[in-house]
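As a plain string of letters, each chain reads:
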Amino acid sequence: MAESKEKRREEGEKAEEEMKEETLFGINLSTRDEDVSTKKSAFSTDQMFRSREKFGEYKATNTSRASGSRKTNCKFELQGKYSKVFDRWTLRVKCDEHNHAPAQQHMEGHLLLRRLYVDENRLVENLTRKHVAPRHILSTLKEQNENHVSVIKTIYNAQQKIRMHEKAGKTPMQVLMSILLNNNYLYELTRCSSNELENLFFVHPTSWKIWRAFPHVLIMDATYKTKKYKKPFVQIVGVTST
């Protein structure tokens, strides 16, 4: 029994020495496939170590829009794995060659650094609900953090995610009616015999008050054949005395 414990201890010490053979900046580069299993975390290979912006080739799609890609078929790749046996991470260089110039001092062009943090996403959501323009939202973020490198496209993408979250499981008409109810719009609607919406009129509460004060001049304009459902859309604009 004592001999088996001593043998296991010697094997462990030998394995420990093997893992110390190849290091880079204190990070182990050697791996033992039989003892190492990938741990599910944000530290995994595909999410962190692979040069995602340049890795692989661009696959064109059938679209009329002009499109591009950051991908340059760069083969650089590092693989990080977690060892349950030794309770540590190992890093293996699978390919150490790049086919593009190194990053400059300023990192604004990298998507990973331009992403928004949780509190920043919350701020974008709050300001969007208050109808603040995207350029002003971006200015607010940069005022709070001088090292913030997001661009206006980052704000547009964040707002799109907010809208998609709000629309989850709802039809376009349900989304519209929710907006009217939540923002206290005045509205009237009519339905046809099949209970489908036939006409809808709505006005903002502030616009209603202004019209009550200045009801003399109204400008009406109708657009048609420009919407998804080919329905006319009538806009009514009032004129105040100032």
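For the structure, check the block above.
Residues numbered from 1 in each chain as written. Predicted model: local features only at pLDDT ≥ 70, side-chain atom pairs only at ≥ 80, totals over all residues. Heavy atoms only, no water.

1. Topic: the environment of T72
Consideration 1: In this structure, T72 sits in the loop between helix 2 (45-49) and strand 3 (77-83).
Consideration 2: In this structure the C-alpha to C-alpha distance between T72 and H98, which are 26 residues apart in sequence, comes to 9.5 Å. (Helix = DSSP H or I, 4+ residues; strand = E, 2+ residues; numbered from the N terminus.)

2. Section: helix 7 (residues 172-182)
Consideration 1: Within the sequence span of helix 7, burial applies to V175, M177 and L180.
Consideration 2: Here the buried face of helix 7 lies against strand 5 (186-191) and strand 6 (197-203).
Consideration 3: The first or second residue beyond helix 7 is N184, which carries a positive phi of 60 degrees. (Buried < 20%, exposed > 50% of the residue type's maximum accessible area, 1.4 Å probe, protein only. Contact = heavy atoms within 4.5 Å.)

3. Let's talk about the packing of helix 4 (residues 118-129) against helix 5 (residues 134-144)
To describe two helices that pack against each other, one gives the angle between their axes and the distance between the axes.
Consideration 1: Two elements in contact, helix 4 and helix 5, have axes separated by 10 Å at closest approach and are oriented at 145 degrees. You can see that helix 4 and helix 5 cross each other, and the crossing is right-handed. Judged by residue contacts, E120, L123, V124, L127 and T128 of helix 4 engage I137, T140, L141 and Q144 from helix 5.
Consideration 2: The residue inventory of the contact of helix 4 with helix 5, partitioned by class, reads five nonpolar, three polar and one charged. (Axes fitted to C-alpha atoms, helices over the stretch in contact; angles between N-to-C directions. Left-handed = near helix turned anticlockwise from the far one by under 90°. Nonpolar A, V, L, I, M, F, W, Y, C, P; charged D, E, K, R; others polar.)

4. Quick word on the layout of surface pockets
Any empty space left between the atoms is revealed when a probe the size of a water molecule rolls over them.
Consideration 1: Roughly 1500 Å³ of volume is contained in the largest pocket.
Consideration 2: Lining the largest pocket are 32 residues; nearest its centre among them are L200, F201, F202, F233 and V234.
Consideration 3: Put simply, the parts of the chain that give the lining of the largest pocket at least two residues each are helix 7, strand 6, helix 8 (205-213) and strand 8 (233-238).
Consideration 4: When residues of the lining of the largest pocket are assigned to their parent elements, the largest contribution, seven residues, is made by strand 6.
Consideration 5: Across the lining of the largest pocket, the residue classes break down as 21 nonpolar, six polar and five charged. (1 Å grid on protein atoms, 1.4 Å probe; cavity = no way out; pocket = protein on both sides within 12 Å on 5 of 7 lines; lining within 4 Å. Points joined across faces, edges and corners; volume = space filled by probe spheres on them.)

5. Considerations on a nonpolar patch on the surface
Consideration 1: Taken together, the side chains of L186, F201, W208, W211, L218, M220, V234 and I236 present a nonpolar region at the surface, about 740 Å² in accessible area.
Consideration 2: At the level of secondary structure, the elements contributing two or more residues to the nonpolar patch comprise helix 8, strand 7 (218-223) and strand 8.
Consideration 3: According to the relative accessible area criterion, W208 is partly exposed, its value standing at 34%. (Patch = residues over 30% accessible without salt bridge, like charges linked within 9 Å, V, L, I, M, F, W, Y side chains within 5 Å. Areas by Shrake-Rupley, 256 points an atom, 1.4 Å probe, with all protein chains shown as cover. Salt bridge = Lys/Arg side-chain N within 4 Å of Asp/Glu carboxyl O.)

6. Concerning the nonpolar core
Consideration 1: Judged by nonpolar contacts, L116, L123, V124, L127, I137, L138, L141, I155, A158 and I162 together constitute the single largest core of ten residues.
Consideration 2: Residue assignment for this core shows that the elements contributing at least two residues are helix 4, helix 5 and helix 6 (152-166). (Core = buried A, V, L, I, M, F, W, Y, C linked by side-chain atoms within 4.5 Å.)

7. Brief notes about helix 5
Consideration 1: What helix 5 keeps buried is the set I137, L138 and L141. Down the axis of helix 5, the sector holding all buried residues measures 100 degrees, keeping them to one side. Of the residues in helix 5, the exposed ones pointing more than 90 degrees away from the buried face are R135 and E143.
Consideration 2: For helix 5, the secondary structure elements touched by its buried residues are helix 4 and helix 6. (Arc of directions from axis to C-beta.)

8. Points about the packing of helix 5 against helix 6
Consideration 1: Two elements in contact, helix 5 and helix 6, have axes separated by 9 Å at closest approach and are oriented at 110 degrees. On the basis of their axis angle, the class for helix 5 and helix 6 is roughly perpendicular. Helix 6 is crossed by helix 5, and the crossing has right-handed handedness. Counted together, P134, R135, I137, L138 and L141 of helix 5 and I152, I155, Y156 and Q159 of helix 6 form the full contact between these two elements.
Consideration 2: Here the residues of the contact of helix 5 with helix 6 sort into seven nonpolar, one polar and one charged. (Parallel < 35°, antiparallel > 145°, perpendicular 65-115°, else oblique.)

9. Description of the side chain of Q159
Consideration 1: Turning to its location among the elements, Q159 is positioned in helix 6.
Consideration 2: Classification of Q159 by relative accessible area gives buried; the value is 8%.
Consideration 3: A distance of 3.1 Å separates a polar atom in the side chain of Q159 from a polar atom in the side chain of T128.
Consideration 4: Look past the residues within four positions of Q159 in its chain and what remains in contact with it is V124, T128, P134 and I137. (Polar contact = N/O pair within 3.5 Å; in protein donor to acceptor, adjacent residues only side chain to side chain.)

10. A short note on the packing of aromatic side chains
Consideration 1: One pass over the structure, following the stated rule, counts three aromatic pairs.
Consideration 2: Aromatic pair Y185 and F202: ring centres 6.1 Å apart, planes at 70 degrees, arrangement edge-to-face. Of this pair, Y185 sits in the loop between helix 7 and strand 5 while F202 is found in strand 6, placing the two residues 17 residues apart along the sequence.
Consideration 3: The class for Y185 is partly exposed, based on a relative accessible area of 24%.
Consideration 4: Consider the rings of W208 and W211, whose centres lie 5.3 Å apart with planes at 40 degrees: the pair is tilted. In this pair, W208 and W211 are both assigned in helix 8, three residues apart and thus about one turn of the helix distant.
Consideration 5: Among the residues examined, W211 registers a relative accessible area of 34% and is labelled partly exposed. (Phe/Tyr/Trp six-rings, centres within 6.5 Å; stacked < 30°, edge-to-face > 60°.)

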